[in-house]
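Residue-level structural notes
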Amino acid sequence: MPAPLVEVRSISKTFTRKAKAAGGSVTHKALDAVSFSMTTPERIALIGPSGSGKSTLLRSISGLHTIDRGEGMVTVLGSTVQANGRLSSDVRAIRSRMGMIAQQFNLVGRLTLFTNVALGFLGKISGLRSLMGLWTSQEKQTVMRALNHVGVAAMAGQRANTLSGGQQQRGAIARAIVQGAEIVLADEPVASLDPVTARKVMKLLVDLNERDKVGVIVTLHQVDYAKTYCNRILALKDGKIVYDGPAAGLSDDILKDIYGAEIEDAYWGEPHA
């Protein structure tokens, strides 16, 4: 059997902060023995109320958060990202196979959209060549194809900080395409976008999964978006997975139990796929 694309095995993450009382501290268990695996390229939505552990789980998969010591382990594409509270020495190489899409877009504002997308080549070319912008003809064509695919080729020469949020988010997706990412981790990628633009961005993630067979894991506050655009849902509450299954199985009763008083804030209105 081939290795899972993503395997999370019994991971926990505890944050400690100083308390107001002198010398005191407060701990918060953001993840509590969480386990799941992605064996084929799926679109998995991570949902749950604020503070449930969604973003912490995503950042633990990428190795941006170090998990607690113990039996916990994270593997991506058959390689260990971290285990027993320690990052693998190969974590940077593993990250080069993962596309990261964030709510804040993570583009360099003073650089053109073209250059930001071309930075997807960083793991494959020398730092000097990328620093000087010495892209080959083939690389330039690859970047423009990616920009055209996400619908922002006309903005290639514009500085990223002059673009709308939706245009920047499409640029981030184009960068993942150029990178050749096999897994995309998207942390609330539509949270700062209007509903029309958000639907377009979600459709691009669907296309990335279906066309290029890229596994997608996305955190979402909008339950209706999760049910419409993802084929599997993991719901978290208090750091634990309380639902793992198809979108069709996520009933109103389950959602009310997950969200409680926040249930009304979990919907933007049913989008049209």
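What counts, and at which threshold
Residues numbered from 1 in each chain as written. Predicted model: local features only at pLDDT ≥ 70, side-chain atom pairs only at ≥ 80, totals over all residues. Heavy atoms only, no water. 1 Å grid on protein atoms, 1.4 Å probe; cavity = no way out; pocket = protein on both sides within 12 Å on 5 of 7 lines; lining within 4 Å. Points joined across faces, edges and corners; volume = space filled by probe spheres on them. Helix = DSSP H or I, 4+ residues; strand = E, 2+ residues; numbered from the N terminus. Nonpolar A, V, L, I, M, F, W, Y, C, P; charged D, E, K, R; others polar. Buried < 20%, exposed > 50% of the residue type's maximum accessible area, 1.4 Å probe, protein only. Pairing = 2+ DSSP bridges. Salt bridge = Lys/Arg side-chain N within 4 Å of Asp/Glu carboxyl O. Expected span 1.5 Å × (residues − 1). Contact = heavy atoms within 4.5 Å. Core = buried A, V, L, I, M, F, W, Y, C linked by side-chain atoms within 4.5 Å.

Let us now look at the layout of surface pockets. Volume-wise, the largest pocket comes out at about 460 Å³. Taken together, the elements giving at least two residues each to the lining of the largest pocket come down to β7 (98-102) and α6 (165-179). Residues of the lining of the largest pocket, tallied by class, amount to seven nonpolar, seven polar and three charged.

Let's shift gears to the pairing of strand β3 (residues 43-47). Burial within β3 is extensive, with five of its five residues counted as buried. Neither face of β3 is left uncovered, since the one carrying Arg43, Ala45 and Ile47 and the one carrying Ile44 and Leu46 both have all their residues buried. Strand direction decides the pairing type here: β3 and strand β9 (residues 215-219), joined by four bridges, are parallel. Directly across from Ile44, in β9, lies its bridge partner Ile217. Across four bridges, the pairing between β3 and strand β10 (residues 232-237) is parallel. Counterpart to Ala45 in the pairing with β10 is Ile233.

Any two side chains of opposite charge can pair, on the condition that their charged atoms come close. Tallied over the full model, the rule gives eight salt bridges. A salt bridge links Glu7 to Arg9; its shortest N-O distance comes to 3.7 Å. Assessed through its relative accessible area of 39%, Arg9 is described here as partly exposed.

Another point: α6. Here α6 spans 21 Å end to end across 15 residues, near enough to the 21 Å set by a 1.5 Å rise per residue. α6 sits mainly inside the fold: twelve of its 15 residues count as buried. Among the residues making up α6, those that are buried are Gly166, Gln168, Gln169, Arg170, Gly171, Ala172, Ile173, Ala174, Arg175, Ala176, Val178 and Gln179. Looking at the buried positions of α6, the neighbouring elements they touch are α2 (91-95), β7, α3 (113-118), α5 (137-149), β8 (183-187) and α7 (195-212). In the stretch just after α6, Gly180 is the one whose phi turns positive, near 75°.

What follows is about the nonpolar core. Of all hydrophobic cores here, the largest spans 56 residues; its most connected members are Ile47 and Val184. In terms of residues, this core owes the most to one element, α7, which gives seven residues. If near-sequence neighbours (up to four positions away) are discounted, Ile47 is found in contact with Ser52, Lys54, Leu220, Val223, Ala226, Ile233, Leu234, Ala235, Leu236, Leu250, Leu255 and Tyr259.

Time to look at unusual backbone geometry. Even without glycine at this site, Ala33 takes up a positive phi of about 55°. Checked against the element boundaries, Ala33 lands in strand β2 (residues 25-38). Assessed through its relative accessible area of 44%, Ala33 is described here as partly exposed. Even without being a glycine, Lys213 presents a positive backbone phi close to 60°. Positionally, Lys213 belongs in the loop between α7 and β9.

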